[in-house]
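Listed below are the residues making up each chain.
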Amino acid sequence: MSMEEALQTFFAESHELLQEMEDRLLAIPALAEEDRSETINAIFRAAHTIKGSAGLFGLDGIVEFTHVLESVLDKVRAGQLMMDADMVSLFLDCKDHVARLVELQESGATLSTDDQGKGNELVARLSVYLTDTPQAAVAPAGEASHPAPAHPTDSLALESLGGNVLDNDNWHISIEFGTDVLRNGMDPLSIFRYLGTMGHIVRVVSFFDRLPALSELDPESCYMSYVLNFHSEADKATIESAFEFVQEDCKINILPPHSRVADFVEAIKNLKQDDLRIGEMLVKSGTLTQRELDAVLAYQTAQEQGDSASQDPHKRPLGEMVVQAGIVQPEVVEAALHKQIQQKKAKSRQQQSIRVDAEKLDTLINLIGELVIAGAGVNIVAHRSGQTDMLEAASTLSRLVEEVRDSALNLRMVQIGETFNRFQRVVHDVAKDLGKEIELEITGGDTELDKTVVEKIGDPLTHLVRNSIDHGIEPADIRAARGKPAQGKVRLNAYHDSGSIIIEVQDDGGGLNRDKILAKAIEKGLVEPGIDLPDSEVYQLIFEAGFSTADKVSNISGRGVGMDVVRRNIEALRGNIEIDSQYMAGTTIRIRLPLTLAIIDGFQVKVGNAHYVIPLDMVIECVDLPEENINDGHDSNYFSLRGEVLPYMRLRESFEVTGETGKRESVVIVKYGNTRAGLVVDALLGEFQTVIKPLGKLFERLRGIGGSTILGTGEVALILDIPGLVQQMIRKSHHETSRASVKE
Amino acid sequence: MTHGIPEAGPLQLSGEVNIFTAAAIREQLLARLETSPRLEIDLAEVSEIDTAGLQLLLAAKLTCQSKGGDLTLVHHSAPVLDVMDLCNLTHVFGDPVVISSN
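The model shown is predicted, which means the values in this text are computed figures rather than measured ones.

Participant: Could you clarify how one ought to interpret the overall build of chain A in this entry?
Facilitator: When its secondary structure is counted, chain A shows 24 helices and 21 strands. Sequence-distant contacts in chain A: of pairs separated by 6 or more residues, those separated by 24 or more amount to 68%.

Next up, the structure:
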């Protein structure tokens, strides 16, 4: 390639680089601080490459100017300077000026005084960033005419004085030839000539300090050492190959040019392979040659052995050694170390989690469901056979199945945090719409629950959060009047509580107005007047379909239709919803959900010939039905448990089961939320792993039944919907109390 | 030519000044140095020079200087200039040379 052709390439390349520089500069303001480094690096590289290439062609004007620009960019890159909007526009001006300089070169025109002035002004403005005392830096922008002494701080500036080619764009090769080189038929000069075919030897400095007086001289020994400044596009291994025949008895040190450092760092970053050692990484990136690595490693081993003898087991890291030996620049080693740490991190993350198709997981859960049922079958057969070894095997099997089931279900567990975090945006948007200032606080984000539940809880939660912001949190003026901080607070919280997960939506707003709700309910005929309802039940009224207190409706949300849907959604997940509220102080809505939807530990009971399963989490204890209640028929719905009055219900009556009554009746005490109640059954059959099969469409609306399961014998058992039954009992008792009070 | 020219006249080197001839040339140089620390070497006929030759000349120069004299090289042939240029040694010898165009 002739000089002219090369120059044309330089012009074309420069324009491309400048365009890239501009694009990157314009992208900067939109980037977050931590995402900028790559872009800044690209800008720096563009400036650096232009400077380096311009230097090759002896375009001093461009070199001088880009050098100052590069120095500022270097500070930005090193994090010593922040790139603000001013700096971006300054850099854009600089880019234009460089483009102008390149164009002038291209057209062969000389620098006009205008351009000169512009350049000086820009240099002055850039120099502001280079001086360590920013206060003194304000002035230079004005006095544009004498910029030259404005960058005395910069040691790099000296480089461009030495010659057209900057030292730091060249390979630095130092070589101390062994005494026998000449005798072995090698001539350093021919090696240099060979090097010359790979690039351009910019400078050779000969050292002859080992040279003795002529009388002492062995004319066949070599006493010379050289330092070469070598410009080449070849990689390190290729350059090293020039010394192939002499390297055994020579000390060779090849230090890559500074401009290569960025490339090496880049190469290290892009290394695809995992698990590389520092040395391997350096070799792969081309910084270190295999021979150098071997030598350093051998030295390290030797040192180690020496050290262990001298009771000092300090092993110096390879990176440190190669830097100290001057083979590799410290920046490159740093990049390699960084990469290594990243790899380790990535690896540990990989080990922590693995992505699995949700469908595969569902298949597994289904299979385990079947396994549980089959296991129950085996158990029954074992019991029937009465063989001890068979029973033992069966019980081991059951235990394992149980463990497998638990871990399989665990696979489906995900943290609720991600769902919670989505609400930051919801809160931000809704608050902005309503002109309120709201802070969202999230706690318990690491609480785990079933993936299906997480997916389905999003909508109801959104509704509740919107509600809190709209109706809960008061406008700023009212808050001020009530002595609350102007910024409202919505809190999302999650925690585990005996087989359930509790999700709370809390606000520090106005709370529910009990009287207003009650009045509305009476007006709507939902509650009969004169009955004293507990607070929690009054609040439950807001979940009734079409319920809304008039002055609370807005276009964002209305506690009418929406809350009704929320409740139904939650109930579809076998959950329930409670409200705690203090007028003027705030509201807490508490959603209680089962941890999983697929398999539960059940408690099997029998009424007549029918089997029922009660979720074991909800069973508190089992007692015999007290004598006085045995024949009390329909009149009484309460019995006394150690002095505590509990409502109870005969499943036989509720489900209209026919068939023989057992000899005695048992009561299973269940608890749901804060309510306890008794269920009267004929027989207690004990714990039973239950795979929940959803009810068919036809039976979906059945009250008191939550699902079905298949027993080991192949029979079907119905799973009781305890929340539904408990509520039914409470409602019934209220109804009767109120009817009783009306009669009176 | 006004001063420093040894009585014996310049030492003429010709042909190869390399590892093969270095020993012999060294003897010649040493012999010359016996008489005077001032030495002039005419390189016009040197057809080839290598590192061995180069360091020989260097050593001679240093030795002359250490004895208060100097070594002057004249009429550098093209191969000599080429090598001195390559190794950047011209200024070390400090002799006036015709600077090559490349």
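Participant: Explanation requested: the overall build of chain B in the structure shown.
Facilitator: Within chain B, the secondary structure is distributed over four helices and three strands. Along chain B, from the amino end to the carboxyl end, the secondary structure elements read β-α-β-α-β-α-α. By the burial criterion, 39% of the 102 residues in chain B qualify as buried. Counting only contacts in chain B whose residues sit at least 6 apart along the sequence, the fraction spanning at least 24 positions is 81%.

Participant: Honestly, the packing of helix α1 (residues 22-35) of chain B against helix α2 (residues 51-66) of chain B in this entry has me stumped. Any pointers?
Facilitator: In helix packing, the relevant descriptors are the interaxial angle and the interaxial distance, both defined with respect to the helix axes. Residue and element names in this part refer to chain B. Between α1 and α2, the shortest axis-to-axis distance is 10 Å and the interhelical angle comes to 15°. On the basis of their axis angle, the class for α1 and α2 is roughly parallel. Viewed along their axes, α1 and α2 form a crossing whose handedness is right-handed. On the side of α1, the interface is formed by A22, I25, R26, L29 and L33, while α2 contributes A52, G53, L56, A60, T63 and C64. Across the contact of α1 with α2, the residue classes break down as eight nonpolar, two polar and one charged.

Participant: Teacher, can you tell me more about the sheet that holds strand β1 (residues 11-17) of chain B here?
Facilitator: To summarise the sheet geometry, strands pair through backbone hydrogen bonds and adopt either a parallel or an antiparallel arrangement. All names here are of chain B. Taken together, the three strands give an open sheet; going across it, the order is β1-β2-β3, and neighbouring strands pair in parallel fashion. Every other strand in the sheet has two partners, leaving β1 and β3 (70-74) as the edge strands with one partner each. Between one strand axis and the next, the sheet turns through 35° on average, direction left out of account. Inspection of the sheet shows β1 paired to strand β2 (residues 38-49) by six bridges, in the parallel sense. Across the sheet, the residue bridging to S14 is E45, located in β2.

Participant: Teacher, can you tell me more about α2 of chain B here?
Facilitator: Since the α-helix advances by 3.6 residues per turn, residues separated by three or four positions end up pointing in the same direction. For α2 of chain B, which comprises 16 residues, the first-to-last C-alpha distance of 22 Å matches the rise-based estimate of 22 Å (1.5 Å per residue) to within 8%. The buried count for α2 of chain B comes to 13 of 16 residues, which makes it a mostly enclosed element.

Reading guide: rules and limits
Residues numbered from 1 in each chain as written. Chains lettered and ligands numbered in written order. Predicted model: local features only at pLDDT ≥ 70, side-chain atom pairs only at ≥ 80, totals over all residues. Helix = DSSP H or I, 4+ residues; strand = E, 2+ residues; numbered from the N terminus. Contact = placed C-beta atoms within 7 Å. Buried ≥ 20, exposed ≤ 12 C-beta atoms within 10 Å, placed from the backbone. Axes fitted to C-alpha atoms, helices over the stretch in contact; angles between N-to-C directions. Parallel < 35°, antiparallel > 145°, perpendicular 65-115°, else oblique. Left-handed = near helix turned anticlockwise from the far one by under 90°. Nonpolar A, V, L, I, M, F, W, Y, C, P; charged D, E, K, R; others polar. Pairing = 2+ DSSP bridges. Expected span 1.5 Å × (residues − 1).

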